[in-house]
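Structural description and commentary
The primary structure of each chain is shown beneath.
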Amino acid sequence: MRATALLVSFAVTSLLPTAYAAANEPSANTLQTLDRQTRQLNRVHSVVVAYDGEIIHELHQGGPGVASPTNIKSLSKTVLAAITGAAIEAGIIASAEQPMVALFGEHLPRGIDPQVGDITVAHLLAQQAGLERTSGSNYGAWVTSANWVNDAMTRPFVDEPGGQMLYSTGTSHLLSAALTHASGETTHALAQRLLGDPLNITIRPWLRDPQGIYFGGNDMQLSPRALIEVGELYRNDGIVVNGAGDEQRVLPEGWVEESWQPRGTSRWTGDGYGYGWFITQLAGEDVYYGRGYGGQALYVIPEREMTVVITSDPNPPSPGGQFQQRLNRLVEGLLAENDE
C-alpha cells in the first residue's frame, strides 16, 4: 500500500522512543488471536489492518477478496462525507455552513416547507436535517417512491435543523443530490475525481435513483484495501503523500477535526456522531468509525496509528445490533496492551 504518512504526525512520532512506537504495533500473537476470533464469526468476510501507513495483516474467509469491490451499505455515508469534504477543498461547496437550497438552485421541489432553507451541508453530514426519517420502517416506501429527493425533502419536520441526530439515508441522499446540482457532475464522477484519483483507488458506479442521482449513503462498492486508503486519508488529516514525497491536500484543513466532533448521539449505541463518523472509545483509545448494514466497518485509531476494515455478508437477514459490538471487540483485541 502506498505510504500516506502525514508529515506533522511523522515528525511528532519520530521524537518518541523507538520502543514506545513499536509497542503500538499489534504483535504476531495479537494478530493470530484476531484471526481465531474472526473465524468464529462466519458472517465476516475479511479483516484488513494497517499500521503506520502500511497494511500489516489481511484475513479473507469468504465473499469478495480484499482487493475486490463489495457492497459497503451505509458505510457509504462515511465515504460520502469524504467526497463532500473534497468538494469543499475543490471550491464546489463554499463550506459546511452553506445552505442546502443554495446548492440545489432551480432544482428545488415545489411546495417545500420554508424551514428547509435552514438546512446546511453540516446538518446533512451530521444527520441533523430535522426531517422525518426515511430509514427504518419508512425505508421501503421511500425507495419505491417516484422521486427520492422530493420525497425526502417534503417530509414533515420532526425537529429543527441542527437538532437531534435522526439517522436517515434520505438525508444523505439529499447531500448526494446537492453535490450533483452544485457541480454539474454526477456524485460518482466527483467521487472518482476528487477522492479516488488522489488515493489511487477505483470507485465503481453504484445504484441511482429514478432521476439518475447516485444513491447517497448506501450501496457504494469499494474493496477493503480501498477503504483502508479512505481511513488513512482521515488519519493523516486529509493529506496524501505520493511515492515521490509530494503531498496533496484532499480534505480541507481542519476538516478531520470537525468531522470527529460529536454533533449528535446514536439512539442505538450511545456513541457520538460527527460528519459521517461515529465516535467512541475502545480499550481506552479514541476510535472513529463508519458502519454499514450486515457488518461493514471502517475504524481509525489515530493515537495507535491504525486503520482497520471489516467487511461481512451484506445480505439479509440482519445479524442484529449486537454484531457491531462483536466487531468492536475484535478491534479492542488489537488495541489491548502487549504483554510481551
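Data block above holds the structure.
Figured I'd write up the structure that's included with this text. Computed from a predicted structure; not experimentally measured. (Residues numbered from 1 in each chain as written. Predicted model: local features only at pLDDT ≥ 70, side-chain atom pairs only at ≥ 80, totals over all residues. Heavy atoms only, no water.)

**Some points on the sheet that holds strand β12 (residues 306-312)**
The 8 strands lie next to each other as β2-β1-β12-β11-β10-β9-β8-β7, forming an open sheet whose pairing is antiparallel. Every interior strand has two partners, whereas the edge strands, β2 (54-60) and β7 (264-265), have only one. When strand β1 (residues 44-51) meets β12, the two strands line up antiparallel, connected through 7 bridges. Bridged to Val47 within β12 is Ile310. Each of β1 and β2 touches helix α3 (residues 28-39); the most contacted strand, β2, lies at about 30 degrees to it. Those strands touched by helix α11 (residues 224-235) are β1, β2, β11 (296-301) and β12, and its axis lies near 145 degrees from that of β12. (Pairing = 2+ DSSP bridges. Helix = DSSP H or I, 4+ residues; strand = E, 2+ residues; numbered from the N terminus. Contact = heavy atoms within 4.5 Å. Axes fitted to C-alpha atoms, helices over the stretch in contact; angles between N-to-C directions.)

**Overview of the pairing of strand β10 (residues 285-292)**
Here β10 lies mainly inside the structure; 6 of its 8 residues are buried. With 5 bridges joining them, strand β9 (residues 278-282) and β10 adopt antiparallel strand pairing. From the neighbouring strand, Leu282 faces β10, where its bridge partner is Glu285. What sits between β9 and β10 in their antiparallel hairpin is a turn of 2 residues, with Ala283 showing a positive phi close to 50 degrees. Pairing analysis gives 5 bridges linking β10 to β11, with the strands arranged antiparallel. Along β11, the bridge assignment pairs Arg291 with Ala297. The antiparallel hairpin formed by β10 and β11 contains 3 residues in its connecting segment, where Gly294 sits at a positive phi of about 85 degrees. (Buried < 20%, exposed > 50% of the residue type's maximum accessible area, 1.4 Å probe, protein only.)

**Here we look at unusual backbone geometry**
With an omega of 0 degrees, the peptide bond between Pro316 and Pro317 qualifies as cis. Position of Pro317 relative to the elements: it lies in the loop between β12 and α13 (322-335). Unusually for a residue other than glycine, Asp219 sits at a positive phi of about 65 degrees. Position of Asp219 relative to the elements: it lies in the loop between α10 (187-199) and β4 (221-222).

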